[in-house]
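A closer look at the structure
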Amino acid sequence: MKYLSVELVGAIAMNNQSTAPSSIKVDTLIDENDGNLSKGNVSLREALAAVENGGRITFAQSIASQDTGFGQGVIGLSLGTLTVDKSVTIDGLGADQLRVSGANQSSVFSINDGDDATVSNVVIKNISITDGTADAPSGEVAAAGGGIFNREQLSVINSRISDNSLGITGIGNNTAEATLSIENSIISGNRDGGISWMDGTIALHSSEISNNGGKGIRLAATTAAYDSPDNLFVHVTDTLIENNDGDGINNAGNTQIKNSRILNNKGDGVASFSYFGESFSVEGSTISGNSGVGLRADSDGYGSSRVKVTRSTISGNVDGSITSLGSFYSDGIELRESVVEGNGDGLLSGGLFGTKGILVADSQIVSKQGAAVTAARITVKRSAIAQNQGIGLDGATVLVENSSITGNTNGGIFSVSYYRGATESNVEVNNSTISGNGNRSTQAGGIYSGSESDFPTFVRLKNTTISNNTGTQAGGLLIKPPEGNTIDAIDYGNAVKNTIIAANTGPDVVGSVESRWHNLIGDGSHATVFIDT
């Protein structure tokens, strides 16, 4: 038997039959499939056919210095795409010593055991995969290929995938086991994108996705995948996603980003478009310099978009920082211990823009253009909303505690009832400073609370300073109840307690307000002030 003359483990000859070897070593760069497994003639193609399910393929160190016309240490595929139809580990010599090339004639690997009811486990490590050409147009994700086409569970470790039509493509069959895992690897310079995956989970750790011609990472979904949305997930940890010609990440499902950088991509930094909603979690990361929105979560149907950003920086993105749009079922945006600064407003706003609720805590928002925070419900705690080229806070229900809202061009707080599904204008500010906001074309420099229907307005201020703001109708506080409504401030609950509203350009207070305890109101000539006795 030829198996007995080469380095094979687990091959047993008996009655002229042998089991497949559990381990086999490739010892030639030549792409051949002649059945000759003698020493010096075991090709990678033959090893993939011969090794047992669950087996291991290694490589002789000597081939790193060989050259068969494709370059030193390069396996050039002259017979077309390599088929992997079983569970196997392919362990190379190192990405700088061993390369498998499609020679710009075919894809490199096609991983598919042919049975959608089972999931094979394939590991590719310590190897470079280059010059693979898609077997079908790149838009046909299921058939495209390039570097790797995959329908199984795949782990890529300590490897490089570069200069292919597409880096990795395939379908995950929408099962919990259908995971594409990339660890300590580089996917770079692929013409039509880095990763294009469907109906599964992508997990990246300590890797780089950069300089690809399309999107860095794309996770798409079929209609069937929405039955199991938890299987649609992109996990990114300690990874750089940079300089891709499309979105850094484009995802139809959930996204978790930790200790990573998403920089200078030509589309959005991270974008999600989902019919049934998705969740975003960003921690300890930087999303900066992207040509689109930094972080975009759109739900087009009945889904709930949930965005949580912690200890991160969202900066310098051309079309905005964070948006969460499309569904009134949205849970909104939560920003904690983070900095949002220098973003443009090409899409909607340079700051945070949400359909429903936004929470900002222990953070700083300085947008290059547009409002800092826009949503139906806004809560700001222990934060600074400063120097935004628009309104500071733009919403129906606004709660501000222990914060500063300063230097915003179009006003500090703008609240209107019946805004984005709300039924009242409700502003509450405690232990805060609202200063230096507005301009000579702004209705109210500090706070505007108004009604565009029969719904009420509520303003409650405590231990707060509103000063040095500028407005045409009111420099400090403007309360506009429903037109023709004569209900006074006590009925409305517009109350000011231990607060200073003074030194604004324009009347300090316009509207009805109840003064409780100790207040200092400068120009109140346009206000009806009720004194609490």
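Along the backbone of the protein there are 2 helices and 57 strands. The burial tally for the protein puts 57% of its 533 residues in the buried class. Surface accessibility of the protein: about 19,900 Å² in total, with carbon and sulfur atoms responsible for 45%.

The two faces of strand β19 (residues 195-198) match: I195 and W197 on one face and S196 and M198 on the other face are all buried. In this sheet, β19 lies alongside strand β16 (residues 168-171) in parallel orientation, the contact comprising 4 bridges. In the sheet register, T169 faces β19, and the bridge partner there is S196. Where β19 meets strand β22 (residues 217-220), 4 bridges bridge the pair, whose relative direction is parallel. In the sheet register, S196 faces β22, and the bridge partner there is R218.

Turning our attention to the pattern of salt bridges. Counted by the stated rule, this structure contains 9 salt bridges. R99 serves as the salt-bridge partner of D131, at 3.7 Å between the closest nitrogen and oxygen. Residue D131 is found in the loop between β12 (128-130) and β13 (148-150), and its partner R99 is found in strand β9 (residues 99-101); the two are separated by 32 residues along the sequence. Note that R382 and D362 form a salt bridge whose closest N and O atoms lie 2.8 Å from each other. Here the residue R382 occupies a position in the loop between β41 (377-381) and β42 (384-386), and D362 occupies one in the loop between β38 (357-361) and β39 (364-366), the gap between them amounting to 20 residues.

What follows covers the confidence of the model for the protein. Model confidence for the protein is summarised by a mean pLDDT of 86, while 83% of its residues fall at 70 or above. Note on residues 1-6: pLDDT under 50 across the span, and 18 contacts to partners over four residues away in sequence or across chains. Throughout residues 137-143 the model reports pLDDT below 50, and contacts reaching past four residues in sequence, or to other chains, amount to 15 contacts.

Our focus in this paragraph is the nonpolar core. Residues F109 and I195 are the most contacted members of the largest nonpolar core, which totals 94 residues. Looking at this core, the element that brings in the most residues is helix α1 (residues 44-50), giving 4 residues. When residues no more than four places from it in sequence are discounted, the contact partners of F109 are L44, L48, T81, L82, V84, I90, I124, I129, G147, I148 and F149. Membership of the second largest hydrophobic core comes to 6 residues, among which are V416, A444, Y448 and V510.

One ladder, built from 2 bridges, connects strand β43 (residues 393-394) with strand β46 (residues 413-416); its direction is parallel. Bridge pairing in β46 links L393 to I413. Two elements, β46 and strand β49 (residues 447-450), share 4 bridges in a ladder whose sense is parallel. Pairing of F414 across the sheet is with Y448, part of β49.

Outside of glycine, negative phi angles account for most residues, and trans bonds account for most peptide bonds. Phi at S206 takes a positive value of approximately 50 degrees, unusual for a residue other than glycine. Within the fold, S206 resides in the loop between β20 (201-205) and β21 (208-210). Since its relative accessible area comes to 30%, S206 is described here as partly exposed. With a phi angle near 50 degrees, E337 is a residue other than glycine that sits in the positive phi range.

Another aspect to go through is the side chain of N250. Mapping N250 onto the fold places it in strand β25 (residues 249-251). In terms of polar contacts, N250 uses its side chain to reach the side chain of D247, at 2.8 Å. Other than its neighbours up to four places away in sequence, N250 contacts K215, I217, R218, L219, A271 and F273.

As a further point, take the environment of M198. Mapped onto the fold, M198 is located in strand β19. When the C-alpha atoms of M198 and R151 are compared, they prove to be 9.4 Å apart, with 47 residues separating the residues in sequence.

It is worth spelling out the packing of aromatic side chains at this point. Summed over all chains, the structure comprises 1 aromatic pair. When the centroid spacing of 4.8 Å and the interplanar angle of 15 degrees are considered together, the rings of F414 and Y448 count as stacked. Here F414 is found in strand β46, whereas its partner Y448 is found in strand β49, with 34 residues between them in sequence. When its relative accessible area of 25% is taken as the criterion, F414 is described as partly exposed. What makes Y448 buried here is its relative accessible area of 10%.

Secondary-structure assignment places S188 in strand β18 (residues 186-188). For S188, the residues in contact, after removing those within four places along its chain, are R160, I161, S162, D163, S210, N211 and N212.

What follows concerns the environment of S449. Relative to the assigned elements, S449 resides in strand β49. Given the relative accessible area of 0%, S449 is considered buried. Distance in space between the C-alpha atoms of S449 and A396 is 8.5 Å, their sequence separation being 53 residues. Sequence-distant contacts of S449, defined by excluding residues within four places in its chain, comprise S415, S425, V427, T457, F458, V459, L478, I479 and K480.

As a further point, take the environment of I241. Mapped onto the secondary structure, I241 falls in strand β24 (residues 240-242). Judged by relative accessible area, I241 falls into the buried class, the value being 0%. Linking I241 and N265, residues 24 residues apart in sequence, is a C-alpha distance of 8.0 Å. Beyond its immediate chain neighbours, meaning those up to four positions away, I241 contacts I209, I217, V236, G248, I249, R261, I262, L263 and N265.

About the cut-offs
Each chain has its residues counted from 1, running along the sequence as written. Thresholds applied to this predicted model are a pLDDT of at least 70 for local features of residues and 80 or more for the giving and counting of side-chain atom pairs; totals over whole chains, interfaces and linings are not thresholded and use all residues. As a convention, hydrogens and water are excluded, and side-chain values are obtained from all of the structure's heavy atoms. Helix numbering and strand numbering both begin at the N terminus, where a helix is a DSSP run of H or I of at least 4 residues and a strand a DSSP run of E of at least 2. Burial classes follow relative accessibility: with a 1.4 Å probe on protein chains only, a residue under 20% of its type's maximum area counts as buried, one over 50% as exposed, and anything between as partly exposed. Under the convention used here, a 1.4 Å probe and the Shrake-Rupley method define accessible areas, while residue burial counts only the protein chains that appear. At least two bridges found by DSSP between two strands is the condition for calling them paired. In the sections that follow, a salt bridge refers to a side-chain nitrogen of Lys or Arg positioned within 4 Å of a carboxyl oxygen of Asp or Glu. For every residue, the pLDDT score states the predictor's confidence, bounded by 0 at the bottom and 100 at the top. Every residue pair with non-hydrogen atoms within 4.5 Å of one another is taken to be in contact. In this description, a nonpolar core means a group of buried Ala, Val, Leu, Ile, Met, Phe, Trp, Tyr and Cys residues linked to one another through side-chain atoms lying within 4.5 Å. In protein, a polar contact means a hydrogen-donor-capable atom and an acceptor-capable atom, both N or O and within 3.5 Å, with residues adjacent in sequence counting only if both atoms are side-chain atoms; elsewhere, any N or O pair within 3.5 Å suffices. We call Phe, Tyr and Trp rings a pair once their centres come within 6.5 Å, taking the six-membered ring for Trp, and we label the pair stacked below 30 degrees between planes, edge-to-face above 60, and tilted otherwise.

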